[in-house]
Each structure stands twice: as structure tokens, then as C-alpha cells.
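So you can see what is in the structure, the chains are spelled out below.
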Amino acid sequence: MKTVLSKITIISERLLKDDLIDLIKEVGAAGFTLTAVEGEGSRGVRAGDWEGRNVMIETLVSEANADRILVMLNERFMESYAVVAWVTEVAVLRGDKFLGEI
Amino acid sequence: MKTVLSKITIISERLLKDDLIDLIKEVGAAGFTLTAVEGEGSRGVRAGDWEGRNVMIETLVSEANADRILVMLNERFMESYAVVAWVTEVAVLRGDKFLGEI
Amino acid sequence: MKTVLSKITIISERLLKDDLIDLIKEVGAAGFTLTAVEGEGSRGVRAGDWEGRNVMIETLVSEANADRILVMLNERFMESYAVVAWVTEVAVLRGDKFLGEI
């Protein structure tokens, strides 16, 4: 009933939202979740008054697709934007539908 | 000081919020956290204009209770609703109070 | 390209937000993310009408710094406040910049 998958979490300025959604769709992600967040980092992402200036994007993918997404993030955004991304191993209910490959 | 527990994360349409809270209370969860989120999936959960149309529910439980919650979600909601659920292993500060059993 | 780090998640009443940010900065955290959340727990953190009455703070640190943060949370807040905190192991893209020590 459970499938071990990789959950990718990406936090960035909100202006990158559509580009990041396009990126995860490129690798065939079956969906995503967006949360409005605030934050502060070493490169200019600053905490505001709860306006949700940044966005957290989460998606469930295979381990191989998680690595693809990280490579693409690294190549396209890490040099020029304040983007943070990480992978968490999770056990997903009926998770086989998230295993789509490109 | 730390206890290894299962964090359940459930994402669904907001109309299921109360039913899902009832479900996790049935297994004796000591609490939960709600976040307003947006999203897009393969079954009609769509991204809106940041109105927080979907809800993310998180709760910390024992591994056995996590499995109980997944079984209940599967039986009650997975056929008819756009529900996504996963389990993450976490180390909780003073986590023994989340170990309540039914 | 990936570094295994500890993601600390802290949920508390919003009035503790600045104290908690100060605490994680004390150990040298390179940044943090804030999410407005609702919740219900065994000690009076209650679910409201989506006003985001509680705050979720997340930060990426070394395993040693994660333990330092848990000890500090335990000493300063766990007795008197409704604080929940846990650690998740994650693989972070270009995560070496989060390894700062005090």
C-alpha cells in the first residue's frame, strides 16, 4: 500500500514559481503543492510581515527524477537566485502513480 | 530526549478537513497542524490564486498508528477524493507524549 | 552535489517567533523559513479560523547543531510553552553552505 518515494522541496522567491513548476513538469511529476512562506537566507531572501513573499513547492517523484530535478535546479537557478532545495525519503500511500518517467 | 516517530502528511481539498481531523483523532493523535496550500494533481486538485484552497494536515504518531491512519484513508477517501498522504520518519523532542494508542 | 543535513521543524504560538529565530541564529543557522499554520495540541494550541495563529519555523543545519537547538528549546521553552519540534534527515542541494558552526 506504501511506496518509498523522494519528496522534493524547493523554496524560492515567488517570481520563480512558474519556472519551477515548468521544471518539475518536465520530468513528469504528477502534481505539486504550493505554500506561501516567509524566510531569511544568506542571499537576500528576507523575512517580511507575513505576506508570503516566498514560495515552497513540494512534489513526490522517483529517486531518479529527484536527482534530475536537482541537476536542473543547479544548472538553471542556483547561480543567480536564492533557491534552496532538498530531498526527503517518504513512504507514500498508493504512491505508484507518482512514479511516471519522462 | 528524542523519540523516533512517524509524521503523517495528508493533502486534500479543504472540504475534507473536518473528516480528516476526526480520522486522526480516532487513532489517538495528540494534536495536528493545518496549513493552507494550493496544488495541482492528476485528479482535479488545481492551483488557484493563493487562496489556500487545499489543506495540508500533519500529525506525529507511532509507526503502528501511522499505518492505521493510512489504511483508514485508503478505505474512506482514496477512491472518491483527491487525497495524497505520506509518512516521514522524524526524531521528535520529548516525543513520548505522541505515542498514545487507541 | 547533495549534502545530508538535519532539517529542524519547530511549531509554536506566534508570540515566540522572534525568540525562536534568535535561538536558531545563536547556533549559526544560515537561514530559516516561516509558515503561518493552525493547529491543536494537548497543551492549548488550538485550531482557529485559518488566521495562521501559530508559526512553523524550519531551518537546515548540521546534525550537531540540530542537537544543540533541541537542547536549547528543551531548556528554554518546553516547560512553559506549547512547542513541538522534530528533526528530519534530508539531502540538500549544495548543502555545504548550511554547515556553519558557532
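Above: the structure in question.
Right, let's walk through the structure included here.

Cut-off values and rules
Along each chain, residue indices are assigned from 1 in the same order as the chain's sequence is written. To label them, take the chains in the order written and letter them from A, then take the ligands in the order written and number them from 1. Local features in this predicted model are restricted to residues whose pLDDT is 70 or higher, and side-chain atom pairs enter the listing and the counts only when it is 80 or higher, whereas totals over whole chains, interfaces and linings include all residues. Only DSSP runs of H or I reaching four residues or more are called helices, and only runs of E reaching two or more are called strands; each is numbered from the N terminus. Residues with at least 20 neighbouring C-beta atoms inside 10 Å of their own are called buried, those with 12 or fewer are called exposed, and the rest are partly exposed, where every C-beta is derived from the backbone. Contacts are defined on C-beta atoms placed from the backbone: any two residues whose C-beta positions lie within 7 Å are in contact. When buried Ala, Val, Leu, Ile, Met, Phe, Trp, Tyr and Cys residues are joined through C-beta atoms within 7 Å, the set is termed a nonpolar core. Here, any two strands with at least 2 DSSP bridges between them count as paired. For this overlay, a least-squares fit was computed on C-alpha atoms, restricted to residues scoring pLDDT of at least 70 in both copies. For this classification, the nonpolar set comprises Ala, Val, Leu, Ile, Met, Phe, Trp, Tyr, Cys and Pro, the charged set comprises Asp, Glu, Lys and Arg, and every other residue, Gly included, is treated as polar.

Section: the overall build of chain A
A count of helical and extended segments in chain A gives two helices and four strands. The order of helices and strands in chain A, counted from the N terminus, is β-α-β-β-α-β. Counting over 102 residues, chain A shows a buried share of 49%. For chain A, the proportion of contacts with a sequence separation of at least 24, taken over those separated by at least 6, is 76%.

A word on the nonpolar core
Of all hydrophobic cores here, the largest spans 94 residues; its most connected members are Val61(A), Ala85(A), Val61(B), Ala85(B), Val61(C) and Ala85(C). Setting aside residues up to four positions removed in sequence, Val61(A) forms contacts with Leu5(A), Ser6(A), Ile8(A), Val27(A), Ala29(A), Ala66(A), Ile69(A) and Phe98(A).

Some words on the interface of chain A and chain B
Residue-level contacts link 18 residues of chain A with 19 residues of chain B. Among the elements of the structure, strand 1 (2-13), strand 2 (32-40) and strand 4 (84-93) of chain A are those that each provide at least two residues to the side of chain A that touches chain B. In this structure, strand 4 of chain A lies alongside strand 4 (residues 84-93) of chain B, joined through two bridges in antiparallel fashion. For Ala91(A), the partnering residue across the bridge sits in strand 4 of chain B and is Val87(B).

Examining the relation of the copies chain A and chain B
Comparison of the two chain copies shows a relationship of rotation about an axis with a shift along it. Superposing chain A onto chain B takes a rotation of 120° combined with a translation of 0.0 Å along the rotation axis, leaving an RMSD of 0.0 Å. Viewed as a symmetry operation, the transformation between the two copies matches a three-fold axis. A different interface surface on each copy is seen, since only 11% of the contact residues of chain A are contact residues in chain B too.

Things to note about the relation of the copies chain C and chain A
Superposition record for chain C on chain A: RMSD 0.0 Å, screw rotation 120°, translation along axis 0.0 Å. A share of only 11% of interface residues in chain C that are also interface residues in chain A marks the association as one of differing surfaces.

Quick notes on unusual backbone geometry
Residue and element names in this part refer to chain A. In the Ramachandran plot, Arg94 falls in the positive-phi region, its phi being about 50° despite a non-glycine side chain. Following the sequence through the fold, Arg94 ends up in the segment after strand 4. For Arg94, a count of 16 C-beta atoms within 10 Å puts it in the partly exposed group.

Some points on the environment of Asp67(B)
All names here are of chain B. Tracing the backbone through its elements, the reader meets Asp67 in helix 2 (residues 63-76). We classify Asp67 as partly exposed; it has 18 C-beta atoms within 10 Å. Taking the C-alpha atoms as reference, Asp67 lies 12 Å from Thr9; in sequence the two are 58 residues apart.

Some points on the pairing of strand 4 of chain B
Pairing geometry for strand 1 (residues 2-13) of chain B and strand 4 of chain B, over ten bridges, is antiparallel. Bridged to Lys2(B) within strand 4 of chain B is Leu93(B).

A closer look at the interface of chain C and chain A
The interface is formed by 18 residues belonging to chain C together with 19 residues belonging to chain A. Those elements giving two or more residues to the side of chain C that touches chain A turn out to be strand 1 (2-13), strand 2 (32-40) and strand 4 (84-93) of chain C. Residue composition of the side of chain C that touches chain A, grouped by class: ten nonpolar, four polar and four charged.

Side note on the environment of Met72(B)
Residue and element names in this part refer to chain B. Tracing the sequence through the fold places Met72 in helix 2. Given 15 C-beta atoms within a 10 Å radius, Met72 is considered partly exposed. Considered as a pair, Met72 and Ala29 are 43 residues apart in the sequence and their alpha carbons are 14 Å apart.

Concerning the environment of Val83(A)
Residue and element names in this part refer to chain A. Tracing the sequence through the fold places Val83 in the loop between helix 2 (63-76) and strand 4. On the neighbour-count criterion, Val83 (22 C-beta atoms within 10 Å) is buried. The residues touching Val83, leaving out its near neighbours within four places in the chain, are Ile10, Ser12, Leu73, Phe77 and Met78.

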